[in-house]
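Observations on chain architecture
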Amino acid sequence: MAYYHIWTIGCQMNQADSEQLATSLERLGYQSASEIEKADLIVLNSCVVRQSAENRVLGKLDLLKEIKRLSPDTVIALAGCMVDSEVAQLKHRFPHVALFLKPGQFNELLELAKAQAPKASGSFTTPKLSPTAFVTIIEGCNNFCSYCIVPYRRGREKSHPIAELRCQVESLVQRGAKEITLLGQNVDSYGHDLPDKPGLADLLQELNSIERLSRIRFLTSHPKDMSRKLIQAVASLEKVCEHISLPVQAGDDEILQAMGRGYTVQSYRELVEQIRFAIPTVALATDIIVGFPGETGEQFQRTIELISDLRFDTVHIAAYSARPGTLAAKRLKDNVSLSEKRRRLQEVEELQEKIASGINAQLLGQTMEVLVEGKKKGKWYGRTRTDKLVFFEKDADCLGQLVNIEVKKTSPWALQGSPKPSIVKT
Ligand code: SAM
Ligand code: SF4
């Protein structure tokens, strides 16, 4: 028997890539090893979007030196956004790594795994999936926001045709998926490179008709590209969840311009207004970068003001770190001190904690539909259509079921509840 271990860090696209790789390896007869030391094949699916993520990958690579020393036959592969075109340099830096694979490009690894396959692929039985699955609908990004390394590492946008995606989702549903999340760095530009130029709204319409699929989500949206047609699709298609991830990044026009985001604070506010008008129960998530080069205290306060005014359900906050090769790293001085970045980050965190606490407190006593994803410390957990994490207790096996939960307790991060007498659907 041969074992593999995949370590993943970074965005949902990396998670989706790792899930696909795991399935392919299992088809070849490999088994997942929970402990990295036991694996014959180790894959690090890396992220370098921020310095902090890169540091964690470097730490892991360092650790693997010892594993390679103790078991020289172990094959180590580095995949994901740390792999650029300078493979020779990477080989020199990490001599214990055998393969360097650009994001999502696992062919070389699969060829090698096949050559060393422990048994014939015919014996593979498709493993049952988790109730939620990711599907990448558009690769790469054409936007080149000045701080972002993604377009350099994941290349230009390439959409997958609607028919292919429908097949992929149907097969996931057959294996037990109830909810799918459509992924792209900018899902709103889905389809512009395909022959009939379909949009995300068309794709949602198509997938909405798949029987036994209960929920559809998508991320990430770009404020400059979100169309009225898409908003209407979310409002009208029953399987599409009321949950939109719309990164604003900053609340000041000069900073937005320096970031190359292509919208103003005012146009972002108007977009949020439109979305909330069309989908009153919508939950909105956003991303914020604090300490972008040149961000003054006043400009940062405008971000605070925007967050206070718009009251997002979730805010993902990052301190700016210069990424080599990006426009910001080349042209702008990273002049906000680390301590000031940390202070700003904490200010946003504290504000958001209060806002989320208030939003979630309003859910007390309401009954919400939860798709059960697993069990932790004796409690079932899952998410509402609005992406709220909910915990509850029940003796029966609820995995993969849609359960009605009455909210009994709330916090900024999660809800606790108890099941209403009947399970809604399976
Ligand atoms: N495509 C999405 C968008 O338009 O916002 C997000 C993709 S990006 C890979 C994920 C998040 O990482 C961004 O929203 C941003 O907040 C953060 N990020 C990207 N580059 C960064 C940098 N150089 N420093 C800090 N955070 C960064
Ligand atoms: Fe990066 Fe901007 Fe593309 Fe998002 S839209 S992946 S932030 S370049």
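Attention in this report is confined to the structure presented alongside it. (Residues numbered from 1 in each chain as written. Chains lettered and ligands numbered in written order. Predicted model: local features only at pLDDT ≥ 70, side-chain atom pairs only at ≥ 80, totals over all residues. Heavy atoms only, no water.)

Here's the deal with the overall build of the protein
Note the threshold: Numbering of helices and strands runs from the N terminus, with a helix taken as a DSSP run of H or I at least four residues long and a strand as a DSSP run of E at least two residues long. Here the globule rule reads 2.2 Å times residues to the power 0.38, and the radius of gyration is calculated from C-alpha atoms. When a residue's accessible area, from a 1.4 Å probe over protein chains only, is under 20% of the maximum for its type it is buried; when over 50% it is exposed; and in between it is partly exposed. Contacts are assigned to residue pairs with any non-hydrogen atoms lying within 4.5 Å of each other. Accessible surface area values rest on a Shrake-Rupley calculation with a 1.4 Å probe, where residue burial reflects the displayed protein chains alone. Here the positive residues are Lys and Arg and the negative ones are Asp and Glu; neither His nor the chain ends is included. A charge is said to be at NZ when it belongs to Lys, at CZ for Arg, at CG for Asp and at CD for Glu.
What the protein contains, in helices and strands, is 13 helices and 18 strands. For a compact globule of 426 residues, the expected C-alpha radius of gyration is about 22 Å, and the protein comes in at 22 Å, within 12% of that figure. In terms of its C-alpha atoms, the protein occupies a principal-axis envelope of roughly 60 × 55 × 50 Å. The 426 residues of the protein split such that 51% are buried. Residue pairs in contact within the protein that sit at least 24 positions apart in sequence constitute 72% of those at least 6 positions apart. Total accessible area on the protein is roughly 20,200 Å²; 48% of this is exposed by carbon and sulfur atoms. For the protein, the centre of its 55 positive side-chain charges and the centre of its 52 negative side-chain charges are spaced 3 Å apart.

What to know about helix 8 (residues 228-236)
The condition that has to hold: Here the arc refers to the set of directions running from the helix axis out to each C-beta atom.
Every buried residue belonging to helix 8 is among L230, I231, A233 and V234, and all of these are buried. Buried residues in helix 8, looked at end-on, bunch into an arc of 160°, giving them a common side. In helix 8, the exposed residues that point more than 90 degrees away from the buried face are R228 and S236. Where helix 8 is buried, its residues contact helix 7 (200-207), strand 10 (215-219) and helix 10 (265-278).

Structural notes on the pattern of salt bridges
Two side chains carrying opposite charge are able to pair once their charged atoms lie near each other. Note the cut-off: By definition here, a salt bridge exists when the distance from a side-chain nitrogen of Lys or Arg to a carboxyl oxygen of Asp or Glu is within 4 Å.
Applying the stated criterion across every chain yields a total of 25 salt bridges. With a closest N to O distance of 3.2 Å, E179 and R215 form a salt bridge. Within this pair, whereas E179 is found in strand 9 (residues 179-183), its partner R215 is found in strand 10, the two being separated by 36 residues in sequence. Taken individually, E179 and R215 each receive the classification buried, so the pair is uniform in this respect. Between R302 and E298 there is a salt bridge whose closest N-O contact spans 3.7 Å. Here the residue R302 and the residue E298 both occupy positions in helix 11 (residues 297-310), the gap between them amounting to four residues, near one helical turn. Relative accessible area serves as the criterion here: at 35%, R302 is assigned to the partly exposed category.

Some thoughts on the sheet that holds strand 12 (residues 283-290)
The condition that has to hold: Any two strands are treated as partners once DSSP identifies two or more bridges connecting them. The axes are straight lines fitted to the C-alpha atoms, using for helices just the contacting stretch, and the angles between their N-to-C directions are given from 0 to 180°.
On the basis of which strands lie adjacent, the open sheet formed by three strands has the order 11-12-13 and parallel pairing. In the strand order of this sheet, the two ends are held by strand 11 (243-245) and strand 13 (314-319), each with one partner. For this sheet, the mean angle separating the axes of adjacent strands, direction not counted, is 15°. Relative to strand 13, strand 12 is paired through six bridges, and the arrangement is parallel. Looking at the pairing, I288 lines up with I317 of strand 13. Across the sheet, helix 13 (residues 338-361) touches strand 12 and strand 13, and the angle it forms with strand 13 is around 175°.

Some details on the pairing of strand 14 (residues 367-376)
In this structure, strand 14 lies alongside strand 17 (residues 402-410), joined through five bridges in antiparallel fashion. Its bridge partner lying in strand 17, L371 is registered against L402. Across five bridges, the pairing between strand 14 and strand 15 (residues 379-383) is antiparallel. Each bridged residue has a counterpart across the sheet, and for L371 the counterpart in strand 15 is R383.

A look at the sheet that holds strand 9
Read from one edge of the open sheet, three strands run 6-9-10, paired in parallel fashion. For this open sheet the edge positions go to strand 6 (132-136) and strand 10, each flanked by a neighbour on one side alone. Adjacent strand axes in the sheet meet at a mean angle of 25°, parallel and antiparallel pairs treated alike. Both strand 9 and strand 10 contribute to a ladder of five bridges, which runs parallel. Bridge pairing links T181 to R217 in strand 10. Contacts between helix 1 (residues 12-27) and the sheet are confined to strand 6, strand 9 and strand 10, with strand 6 contributing the most and set at about 100° to the helix.

Regarding the site of ligand 1
Counted only if it meets this: Whether a residue is near a molecule or strand is decided by its heavy atoms; if any one of them lies within 4 Å of it, the residue is near. We call two N or O atoms a polar contact when they sit within 3.5 Å, provided that within protein one can donate a hydrogen and the other can accept it, with sequence-adjacent residues counted only if both atoms are side-chain atoms. Each residue is assigned to one class: nonpolar for Ala, Val, Leu, Ile, Met, Phe, Trp, Tyr, Cys and Pro, charged for Asp, Glu, Lys and Arg, and polar for all the others, Gly among them.
In the vicinity of ligand 1 lie 16 residues, with Q185, Q249, R261, D287 and S321 positioned nearest. Here D287 contributes a side-chain N or O atom positioned 2.5 Å from an oxygen atom of ligand 1. Backbone polar atom of S321 to a nitrogen atom of ligand 1: 2.8 Å apart, as the coordinates give it. The protein chains hide 92% of the 560 Å² of surface that ligand 1 would expose on its own. Residue assignment for the shell around ligand 1 shows that the elements contributing at least two residues are strand 12 and strand 13. Grouping the constituent residues of the shell around ligand 1 by class yields eight nonpolar, four polar and four charged.

Function cannot be inferred from these measures alone, as they are strictly geometric.
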